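Topology and contacts: notes
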Amino acid sequence: MSELQAALPREMYVDPAAFAREREVVLYGEWFCVGRVADLGLDAPGRVAVVDVVGESVLVTRDTDGALHAAYNVCRHRGSQLFAALPGAAPVCTAAGSLRCPYHSWTYALDGSLLKAPHTELAEDERPDFALKPVAVDAWAGFVFVHLGVPAATLADAMERPTRTLANYAIDELVTGLRFSYDVAANYKVVAENYNECYHCGPVHPELTRLVPAFGGGGTDIDWDNGVPHREGAWTFTMSGTTERAPLPGLDEAERTRHKGELVYPNLMLSASADHVAAFVLLPQAVDRTRIECLLLFHPSAVAAPSFDPSDAGDLWDLVNKQDWAICESVQRGMSSRSYTHGWFAPMEDDSADIRRWLLGRFSDG
């Protein structure tokens, strides 16, 4: 047992009360990815997107000057939602010059400030007291992040590692060429831990390990900073290992034939191939359920080409994803057994133990 490390306790995967605390302390206390700027419709001024953040409805707007703002979807008058949204609802976006409550017509600017409160006599100096409750918002590499607490670090600081390791992929310039949506009956941490190790790759992903033989060795001695090589003759994540699409411009020699991956806590997973980047946005719905949006991002010139067909990448990713989700659901069912107390991390799973170190550190800070 000396080489094994204890994993997180059972309740952190199966207990609704533990999940509620984790939501408050961690998911609301970190920069949380809600999707791509363009996919949310926020790539033009005068837009509002309604997004769900683990049960909290948030409005993300882009004002006429192009600045991003965010606020809770709650009118300051009597608490009505400004835009009807059920918990867990998919994002919706619309053009907007202002935000009007449907209940009593209190109206707010796109920055959340109060514009009009009919039949009231609010003095000008009182109006700031009735602005929408703000939420911190920022963008990184074309993704929108919100923070429902008081950020301890800027988003730029929080994203220092992927900014460095994925700099040449110019992810902010890429566009969504294919999307998969999955409902997975597992805690979001099970999904993140599974992504963070390749001990499982040999048994679970035979097609993937034929493409990337190093993945079949239990995940030992993988150089994630410099990327993982494919088999001879292969250079990207497709069913054949090749594609007619050109490598992304700006990649160095190693990146044109290797694969890189990053897990950005708490809910963004990035897998970078030579011609595309797969992004996974984890959207926890409950202690035992996670919605996952898988976005395949390509260079805009590739997507604009009349012959664009992302199915060579999509077929591989959908296969690998479904293999992962099935094993994650099996893990979740096993963790729910009364016989389970906690798991163990083997030495080659040390990166997976990182979620334990990261998460427990947040609880001790809180």
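Preceding this paragraph is the structure being described.
Only a predicted model underlies this, so the values are computations on that prediction, with no experimental measurement involved. (Residues numbered from 1 in each chain as written. Predicted model: local features only at pLDDT ≥ 70, side-chain atom pairs only at ≥ 80, totals over all residues. Heavy atoms only, no water.)

**Concerning the overall build of the protein**
Within the protein one finds ten helices and 18 strands. For a compact globule of 366 residues, the expected C-alpha radius of gyration is about 21 Å, and the protein comes in at 22 Å, within 12% of that figure. Over its C-alpha atoms, taken along the principal directions, the protein stretches across nearly 75 × 55 × 30 Å. Looking at the protein residue by residue over its 366 residues, the buried ones come to 50%. Contacts in the protein between residues at least 24 apart in sequence constitute 65% of all its contacts with a sequence separation of at least 6. With the model as given, the accessible surface of the protein reaches about 16,500 Å², and the carbon-plus-sulfur share is 51%. A distance of 5 Å separates the average location of the 30 positive side-chain charges in the protein from that of its 50 negative side-chain charges. (Helix = DSSP H or I, 4+ residues; strand = E, 2+ residues; numbered from the N terminus. Rg over C-alpha atoms; globule rule 2.2 N^0.38 Å. Buried < 20%, exposed > 50% of the residue type's maximum accessible area, 1.4 Å probe, protein only. Contact = heavy atoms within 4.5 Å. Areas by Shrake-Rupley, 256 points an atom, 1.4 Å probe, with all protein chains shown as cover. Lys, Arg positive; Asp, Glu negative; His and termini not counted. Charge placed at Lys NZ, Arg CZ, Asp CG, Glu CD.)

**A look at unusual backbone geometry**
With omega at 5°, the peptide bond leading from Tyr 265 into Pro 266 counts as cis. Structurally, the position occupied by Pro 266 is in the loop between strand S14 (258-264) and strand S15 (268-272). Although it is not a glycine, His 119 adopts a positive phi angle of roughly 60°. As for its position among the elements, His 119 is in the loop between strand S9 (114-116) and strand S10 (136-140).

**Concerning the environment of Ala 272**
Tracing the backbone through its elements, the reader meets Ala 272 in strand S15. Ala 272 gets classed as buried once you look at its relative accessible area, which sits at 0%. Residues Ala 272 and Gly 227, 45 residues apart in the sequence, show an inter-C-alpha distance of 9.1 Å. Ignoring anything within four residues of it in the chain, the contact list for Ala 272 reads Leu 166, Tyr 169, Arg 258, His 259, Lys 260 and Val 277.

**Overview of the nonpolar core**
General note: in soluble globular proteins, nonpolar side chains tend to be found buried as a group. Of all hydrophobic cores here, the largest spans 93 residues; its most connected members are Val 53, Val 60, Phe 143 and Leu 268. Not counting the four nearest positions on each side in its chain, Val 53 is found in contact with Tyr 28, Phe 32, Val 34, Val 58, Val 146 and Leu 148. Val 48, Ala 96, Leu 99 and Leu 132 belong to the second-largest nonpolar core, a separate cluster that totals 17 residues. (Core = buried A, V, L, I, M, F, W, Y, C linked by side-chain atoms within 4.5 Å.)

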